[in-house]
Amino acid sequence: MQVLKGKTVCGGIATGYIRIYEKENAIEKRIICDIDNEILRFHKAKETAFIQLTEVARQTECEYGNIQAEIFEAQKMLLTDEAFLDAILEVITGQKVNAEYAVSVICEQFYDSFSKLEEEYFRARAIDIKDISDRLLSILCNTEIKMLSAASAIIMAYQLTPSQVMGFAEKKPAGIVTENDSVHSHTAIVAKTMNIPMITGIKIKKEWNGKQVVVDTESGNVLIEPDKQTITKYQNNMQCEQEKRKQLEKYRGVETINKYGKKINLYANIGDTSDVESAIRNDAEGIGLLRSEFLYLQAKDYPKEETLFFHYKKVVESMKQKRVVIRTIDIGADKQADYFELEQETNPAMGYRAIRICLTKEEVFKTQLRAILRASVYGNVDVMFPMITSVWEIRKIKEILRNVKKELDVEKVAYGHVKIGIMIETPAAVIISDLLAGEVDFFSIGTNDLTQYTLAVDRQNPKLDAFYDSRHEAVLRMIHMTVENAHKAGITVGICGELASDLTLTDTFMEFGIDDLSVLPTEILKVREKITK
Ligand code: PEP
Ligand code: MG
C-alpha cells in the first residue's frame, strides 16, 4: 500500500477504483491499413462492453432494484442496434480509420440528435450514448477500469475545470483526486456542491488506472492499493460519518434563531438546476446564490431565453415560495465558455469577467434578465450582480433592467417584483458600501473573491493556498464594515462565500449582525446547529 499526502478540497471518505480522466478530445484519428483487424477490435470491444454491462445490471439490481438496472439493459440494447453499429463500421471502412475515432464520431452524432429531441425519454437516452461511448473507448484505449459502476470510481486527473466536474453529474464518482487544483477554485466549489470527496496535490501516475484506492480527506491522504484491513477500517469510518449526519436530522424544520433572538436566513448555494434537490433535502430556507454561469458553461452556444427560463422556473417552482437569488453570469477567469470567444489575458482574475462582460455584451445580459424576470412570476425571485466596483455600474444595470421591463410590458409578458442586490467581493465595493447601499435592496458578501482581492492572492494558484486566508483580520474588518453600512441604509446583508459555513466564525458573524448565510446544501444543518445551540 502506498500512502500519499495531499490537500483536502471537499470532505468525506471514499473508496473505489481509480479512473484516470482523459479529455474527450484525446481521441486521435489514425489511418489504418489492416481494416479487417480494426473491425475485429471493434467487435471484441463491443462484446466486452456487453459482458460488463450484464454484470453492472446484475450488481445494480441487487443493490438498488430493477428500475435502476433497466438503465444498463437499455445500454445493452444500443450495443445490438444495427443502425448504430453499421454507422461505426461505415466510418472505419469508409474512412480507413481507427475504431476509437469511429466510435467517438458516431456517438457524438447520436448524442447530438437524441439530446435535441423534445421527449424526455429520448433526451435521457442521450446520456446512455455518452456512457456507452466512454465504456467502448476505455476498452479500446486500454484505459479499462475495474469499475463496475460510476459510484465506485475515483476520478484522477492532473487538473479539472469546473465544467468538467459538472460533467460528472450524471455519473457521480465516489471521489476525485487531482494533481494541481487550488482549494479555493471554482472547480473545488463545484465538487463541494456535488458533495464529492476531493483531494488535490497528488502526483498522478497513469499506471494506477483500475487500482483500488481510499480517499481520506480528514488526513488528506490517498491510499493506493490498500490492504483488506485498511479498507474495512475506512468502511467503518464511513458508517460513523453517516451516523453523525443522522444526528443533525433533528435540526430539520427548526427555526434558525440565534442567541440574540434574531432570525437568520439560512440559504443554499447551488450551481446546477439539479442541485435544488439537495437544497430541499437539506432543508434550505431558500437559495441564496444560484451560480447561473454553470448553465452557460455546459452549453455549446449562448443559451436561448426559453432554455434559461425553463431552468429558472424549475428551481423557483421547486422552492415553492422560498426566496431564490439568481446571480447573473460570472463568466471569465477560470470559467470559460468557448462561444464567448474571450481572449487570453495575462491577469484573468482582474480581467474581462462577470458584470464587465454583461455591460459590454448587452444582448447576452438582456436575454438572461428577461428569463429571470419571467421566472419571477412562479415564486420569490431576486437578482444579484457579481464583481461590482462602482456606483455607475449599478446605475447602468438598473437602466438596462428598466428597458427590459419596458420591452416585456410592450409584449404583454408577465413578471413579478424582483429585488436587486449586489455581491460585495471587491475591496472597492466594501469601501464605498455606504454609497452602494443607497442603490440596491440587498448585499451578499462573496468572501471567496473578497479574500483574493483583499490579500492579493490568486485563488486559482495552488502554490498560494497557504497565503489564501479568508479569516484574515482584513477580510473580517471588511465584512464588519459592509454589515454596518448596509444596516445604516436599512438593507439586508448576507454572506455567500465559503466562509459563511466556517463554524469558528459563526459567533463573530452573529455579533456583526449578519442577516443571511448562504452555504453548500450539505452544510445547512451543521450551521443551523451552531447558530441555534
Ligand atoms: C465569492 O466570490 O465568494 C462567491 C460566492 O462567488 P464565486 O465563488 O462564484 O466567485
Ligand atoms: Mg465571486
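Computed from a prediction, not measured in an experiment: that's the story for all the values here.

## So, the overall build of the protein
Broken down by element type, the protein carries 20 helices and 16 strands. Here the C-alpha radius of gyration of the protein, 25 Å, is about what a compact globule of 533 residues would show, namely 24 Å. With the C-alpha coordinates aligned to their principal axes, the bounding extent of the protein is approximately 75 × 60 × 45 Å. Relative to its full complement of 533 residues, the protein shows a buried share of 54%. A sequence separation of at least 24 residues applies to 69% of the contacts in the protein between residues at least 6 apart. If you sum the accessible surface of the protein, you get close to 24,800 Å²; carbon and sulfur atoms cover 51% of it. Charged side chains in the protein number 69 positive and 80 negative. The centres of these two groups are separated by 3 Å.

## Observations regarding the site of ligand 1
Within the structure, ligand 1 sits among 16 residues, and H186, R291, R327, G446 and N448 are positioned closest to it. Take D449: an N or O atom from its main chain is 2.9 Å from an oxygen atom of ligand 1. Protein contact buries 100% of the 280 Å² of open area that ligand 1 shows by itself. Looking at the shell around ligand 1, the elements that each hand over two or more residues are α7 (186-193), β10 (286-291) and α17 (447-455). Broken down by element, the shell around ligand 1 gets its largest block of residues, three residues, from α17. For the shell around ligand 1, the class distribution of residues is four nonpolar, five polar and seven charged.

## Concerning the coordination of the magnesium ion (ligand 2)
A metal bound by six donors in octahedral fashion has ideal angles of 90 or 180 degrees, whereas one bound by four tetrahedral donors has an ideal angle of 109.5 degrees. At 2.1 to 2.2 Å from the magnesium ion (ligand 2) lie its protein donor atoms, namely E425 (OE) and D449 (OD). Of this pair, E425 sits in the loop between β13 (419-424) and α15 (427-431) while D449 sits in helix α17; the two residues are 24 residues apart in sequence, bridging distant segments of the chain. Assigned by exposure class, E425 and D449 land together as buried.

## A short note on the domain arrangement of the protein
Segmentation of the protein into domains returns domain 1 (2-20 + 146-248), domain 2 (35-140) and domain 3 (252-532). Each of domain 1 and domain 3 was reduced to a C-alpha centroid, and the two centroids are 28 Å apart. At the interface, 17 residues of domain 1 touch 25 residues of domain 3. Roughly 2,000 Å² is buried in total at the junction of domain 1 and domain 3, and carbon and sulfur atoms are behind 59% of that figure. When the buried area of domain 1 at its contact with domain 3 is split by residue, H184, H186 and L248 rank highest and sum to 35% of it. Put simply, domain 1 and domain 3 have two salt bridges between them. Here K7 and D465 are joined by a salt bridge, their closest N and O atoms 2.7 Å apart. Run the count over domain 1 and domain 3 and you get ten residue pairs in polar contact (both at pLDDT 80 or more). Of all the secondary-structure elements, those providing two or more residues to the side of domain 1 that touches domain 3 are α6 (162-166) and α7. Among the elements that make up the side of domain 1 that touches domain 3, the one with the highest residue count is α7 (five residues). Class assignment for the residues of the side of domain 1 that touches domain 3 results in six nonpolar, eight polar and three charged.

## As for a negative patch on the surface
A cluster of acidic residues, D81, E82, D86 and E90, forms a negative patch at the surface. Of note, D86 is situated in helix α3 (residues 82-95). By relative accessible area, which is 42% here, D86 ends up partly exposed.

## Comments concerning the nonpolar core
Core analysis: the largest hydrophobic core is formed by 101 residues, its most contacted members being I287, F340, F385, F443, I479, F509 and L517. Here this core spans two domains, since at least three of its residues come from each of domain 1 (2-20 + 146-248) and domain 3 (252-532). Ignoring sequence-local partners within four residues, the contact set of F509 consists of I479, I495, L499, A500, I514 and L517. The next biggest cluster of nonpolar side chains, apart from the first, holds 33 residues, and it includes A57, L78, I92 and Y101.

## Quick notes on unusual backbone geometry
For K96, which is not glycine, the phi dihedral falls at a positive 55 degrees. Assignment of secondary structure puts K96 in the loop between α3 and α4 (99-115). The phi angle at E225 is positive, at roughly 50 degrees, despite the residue not being glycine. For E225, a relative accessible area of 46% corresponds to the partly exposed category.

## With respect to the pattern of salt bridges
This structure, assessed with the given rule, holds 37 salt bridges. Of the charged contacts in the structure, one is a salt bridge between D283 and R528, with a shortest N-O distance of 2.8 Å. On the criterion of sequence distance, the pair formed by D283 in the loop between α9 (276-281) and β10 and R528 in helix α20 (residues 524-532) is long-range, its members being 245 residues apart. Judged by relative accessible area, D283 falls into the buried class, the value being 16%. The partner of R323 in a salt bridge is D382, with the nearest N and O atoms 2.7 Å apart.

## Some details on the pairing of strand β5 (residues 175-178)
With burial as the criterion, each face of β5 is covered, one bearing G175 and V177 and the other bearing I176 and T178. Looking at chain direction, strand β4 (residues 153-157) and β5 are connected through four bridges and run parallel. Paired with I154 across the strands is G175, a residue of β5. By the bridge criterion, three bridges tie β5 to strand β6 (residues 198-200) in an arrangement that is parallel. Considered in β6, the bridge of V177 is made with I199.

Calculation rules
Residues numbered from 1 in each chain as written. Chains lettered and ligands numbered in written order. Predicted model: local features only at pLDDT ≥ 70, side-chain atom pairs only at ≥ 80, totals over all residues. Heavy atoms only, no water. Helix = DSSP H or I, 4+ residues; strand = E, 2+ residues; numbered from the N terminus. Rg over C-alpha atoms; globule rule 2.2 N^0.38 Å. Buried < 20%, exposed > 50% of the residue type's maximum accessible area, 1.4 Å probe, protein only. Contact = heavy atoms within 4.5 Å. Areas by Shrake-Rupley, 256 points an atom, 1.4 Å probe, with all protein chains shown as cover. Lys, Arg positive; Asp, Glu negative; His and termini not counted. Charge placed at Lys NZ, Arg CZ, Asp CG, Glu CD. Near = heavy atom within 4 Å. Polar contact = N/O pair within 3.5 Å; in protein donor to acceptor, adjacent residues only side chain to side chain. Nonpolar A, V, L, I, M, F, W, Y, C, P; charged D, E, K, R; others polar. Donors = N, O, S within 2.8 Å, 3.2 Å for Na, K, Ca; no water. Domains from an automatic or database assignment. Buried area = accessible area lost by both parts, 1.4 Å probe. Salt bridge = Lys/Arg side-chain N within 4 Å of Asp/Glu carboxyl O. Patch = residues over 30% accessible without salt bridge, like charges linked within 9 Å, V, L, I, M, F, W, Y side chains within 5 Å. Core = buried A, V, L, I, M, F, W, Y, C linked by side-chain atoms within 4.5 Å. Pairing = 2+ DSSP bridges.

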